[in-house]
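# Fold and contact review
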Amino acid sequence: MKVLFVCTGNVCRSPMGELLLPQYMPDLESDSAGTRGLDNHAIAPSSAKIMTAHGIDSSSFRSKRIIPQLANGSDLILGGVNGHDLAV
């Protein structure tokens, strides 16, 4: 099963999902993308710090924008939002 994590920029929330999932569910494949992200950006320093605390090296991570092929090739798509996204 392939799980796709999606957030806005693919540098904070969704990369953490992509990198953490295999630690807890190694039989699942994970990936991530952003709805407005730019390709080839490093993970945000604050997210990298959290990954390091979990023993995960995120230095090789590079962001990417979501494309139809990526979404269509996923079995489950999970969206990560911040508090501003939830304003009603």
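Please refer to the structure higher up on the page.
Keep in mind that this is a model prediction, so the values were computed, not measured. All chains use their own residue numbering, which begins from 1 and follows the written sequence. Per-residue local features are limited, in this predicted model, to residues with pLDDT of at least 70; the limit for side-chain atom pairs, both in listing and counting, is 80 or more; totals at the level of whole chains, interfaces and linings are taken over all residues. As a convention, hydrogens and water are excluded, and side-chain values are obtained from all of the structure's heavy atoms.

This brings us to the side chain of serine 74. Each helix is a run of DSSP H or I of at least 4 residues and each strand a run of E of at least 2, with the numbering of both proceeding from the N terminus. You can see serine 74 is positioned in the loop between helix H3 (68–72) and strand E3 (76–79). Judged by its relative accessible area of 12%, serine 74 is buried. Pairing of N or O atoms within 3.5 Å defines a polar contact, subject to two protein rules: one partner must be a possible hydrogen donor and the other a possible acceptor, and residues neighboring in sequence count only if both atoms are side-chain atoms. A polar contact of 2.9 Å, which involves the side chain of serine 74, links it to the backbone oxygen of leucine 70. Whether two residues are in contact is decided by their heavy atoms: any pair within 4.5 Å suffices. Those residues in contact with serine 74 that lie beyond four places of it in its chain are Lys2 and Leu4. Think of it in three bands: residues with accessible area under 20% of the maximum for their type are buried, residues over 50% are exposed, and the middle band is partly exposed, with areas taken using a 1.4 Å probe on protein chains only.

On to the pattern of salt bridges. In what follows, salt bridge is the name for a side-chain nitrogen of Lys or Arg lying within 4 Å of a carboxyl oxygen of Asp or Glu. What the rule picks out here adds up to two salt bridges. In this structure, the salt-bridge partner of aspartate 31 is lysine 2, at a minimum N-O distance of 3.9 Å. Remark: lysine 2 occurs in strand E1 (residues 2–7) and aspartate 31 occurs in strand E2 (residues 29–34); sequence separation between them is 29 residues. Note on aspartate 31: relative accessible area 12%, which makes it buried. Residues joined by salt bridges that share partners form a network here, namely Lys2, Asp31 and Lys64.

Next up on the list: the packing of helix H1 (residues 13–24) against helix H2 (residues 45–53). Only the stretch in contact is used when fitting a helix axis, every axis being a line fitted to C-alpha atoms; angles between N-to-C directions are given from 0 to 180 degrees. Contact geometry of H1 with H2 gives a least axis separation of 10 Å together with a crossing angle of 15°. When the axis of H1 is compared with that of H2, the two are roughly parallel. Where H1 crosses over H2, the handedness of that crossing is right-handed. In this structure, H1 uses Met16, Leu19 and Leu20 to contact H2, whose residues at the interface are Ser47, Ile50 and Met51. Residues are grouped as follows: Ala, Val, Leu, Ile, Met, Phe, Trp, Tyr, Cys and Pro are nonpolar; Asp, Glu, Lys and Arg are charged; all remaining types, including Gly, are polar. Residues of the contact of H1 with H2, tallied by class, amount to five nonpolar, one polar and no charged. With respect to orientation, any angle under 35 degrees is reported as roughly parallel, any angle over 145 as roughly antiparallel, any angle of 65 to 115 as roughly perpendicular, and every other angle as oblique. By the definition used in this description, the sense in which the near helix is turned from the far one sets the handedness, with an anticlockwise turn below a right angle giving left-handed and a clockwise turn giving right-handed.

Let's shift gears to the side chain of asparagine 10. Assignment of secondary structure puts asparagine 10 in the loop between E1 and H1. Within the structure, asparagine 10 has its side chain in polar contact with the side chain of serine 14 (distance 2.8 Å). Within the structure, asparagine 10 has its side chain in polar contact with the backbone nitrogen of lysine 64 (distance 2.7 Å). Not counting chain neighbours up to four residues away, the residues in contact with asparagine 10 comprise Pro15, Ser32, Ala33, Gly34, Phe61, Arg62, Ser63 and Lys64.

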